[in-house]
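Chain residues, written in single-letter form:
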Amino acid sequence: MEQLRDIKGLVEIPFPTLWLIIAALALVCLLLLGASLWYRSHQRKKAHSVRAKALLALKQMDFSDAKEAAYCFTHNGYLVLGENSLHVKNFETIVQDLEAYKFKKEVPSLDEAMTRRMQAFIKEVSHV
């Protein structure tokens with residue numbers, strides 16, 4: 001029993017690490033917020049670059065090959081299309097008229113009116 005007498009009472013230990021833990025959590029939250037903002041801006045830039053590439057492909061499209069022009073216009077037109085309802089309607093009517101130039105082995109050449117409609121649509125969308 002003599003050995004038990006040297007047990008001392010509870011001693012308060014200073015706990016400055018609480019502030020370190022709070023600061024570390026705040027730093028992690030700030031880093032996560034910064035990373036999410038960077039990711040969102042990166043995705044926006046990526047979306048704009050896809051639109052720019054599609055618009056460039058539309059502007060450089062060759063109208064002499066009707067089948068290739070129809071497929072190129074349909075694919076890239078969807079990528080360039082904005083939220084303007086007039087553009088959407090115009091695009092859908094052109095795509096519907098281009099169905100005659102798709103899915104066939106031999107297709108006639110694009111008539112002049114269709115070419116002008118496609119070029120007018122490309123000009124409208126490129127100014128947005």
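Anything mentioned here points back to the structure above.
Participant: I tried to follow the overall build of the protein chain on my own but got confused; where do I start?
Facilitator: When its secondary structure is counted, the protein chain shows 4 helices and 0 strands. Mapped from its N terminus to its C terminus, the protein chain presents α and β elements in the order α-α-α-α. Taken over the C-alpha trace, the protein chain has a radius of gyration of 32 Å; the compact-globule value for 128 residues is 14 Å, which it surpasses by more than 25%. Expressed as lengths along the three principal axes of its C-alpha atoms, the size of the protein chain is roughly 110 × 30 × 25 Å. Considering the protein chain as a whole, with its 128 residues, one finds that 23% of them fall into the buried category. A sequence separation of at least 24 residues applies to 59% of the contacts in the protein chain between residues at least 6 apart. Surface exposure of the protein chain reaches about 10,200 Å², of which carbon and sulfur atoms provide 63%.

Participant: Help me understand helix α2 (residues 66–80) in this model?
Facilitator: Side chains of residues three or four places apart in an α-helix project in the same direction, reflecting 3.6 residues per turn. For α2, with 15 residues, the first-to-last C-alpha span of 20 Å sits near the 21 Å given by 1.5 Å per residue. Every buried residue belonging to α2 is among Ala66, Ala69, Ala70, Cys72, Phe73, Thr74, Asn76, Gly77 and Val80, and all of these are buried.

Participant: Hey, could you run me through unusual backbone geometry in this one?
Facilitator: What is expected of a backbone is that most residues other than glycine have negative phi and most peptide bonds are trans. Backbone geometry at Phe103 places phi at a positive 60°, although glycine is not the residue there. Locating Phe103 in the fold gives a position in the loop between α3 (85–98) and α4 (112–126).

Participant: Would you mind going over a nonpolar patch on the surface with me for this structure?
Facilitator: Where nonpolar side chains cluster on the molecular surface, the patch consists of Leu18, Trp19 and Ile22 and spans about 350 Å² of accessible area. Inspection of the secondary structure puts Leu18 in helix α1 (residues 17–59).

Participant: When you look at the pattern of salt bridges in this model, what are you seeing that I'm missing?
Facilitator: Two side chains of opposite charge can pair, provided their charged atoms sit close to one another. Applying the stated criterion across every chain, the model contains 2 salt bridges. Among the ionic pairs, Arg117 bridges to Asp97, the shortest N-O distance being 2.7 Å. Of this pair, Arg117 sits in helix α4 while Asp97 sits in helix α3, and the two are 20 residues apart along the sequence. With relative accessibility at 35%, the residue Asp97 sits in the partly exposed group.

Scoring rules and cut-offs
Residues numbered from 1 in each chain as written. Predicted model: local features only at pLDDT ≥ 70, side-chain atom pairs only at ≥ 80, totals over all residues. Heavy atoms only, no water. Helix = DSSP H or I, 4+ residues; strand = E, 2+ residues; numbered from the N terminus. Rg over C-alpha atoms; globule rule 2.2 N^0.38 Å. Buried < 20%, exposed > 50% of the residue type's maximum accessible area, 1.4 Å probe, protein only. Contact = heavy atoms within 4.5 Å. Areas by Shrake-Rupley, 256 points an atom, 1.4 Å probe, with all protein chains shown as cover. Expected span 1.5 Å × (residues − 1). Patch = residues over 30% accessible without salt bridge, like charges linked within 9 Å, V, L, I, M, F, W, Y side chains within 5 Å. Salt bridge = Lys/Arg side-chain N within 4 Å of Asp/Glu carboxyl O.

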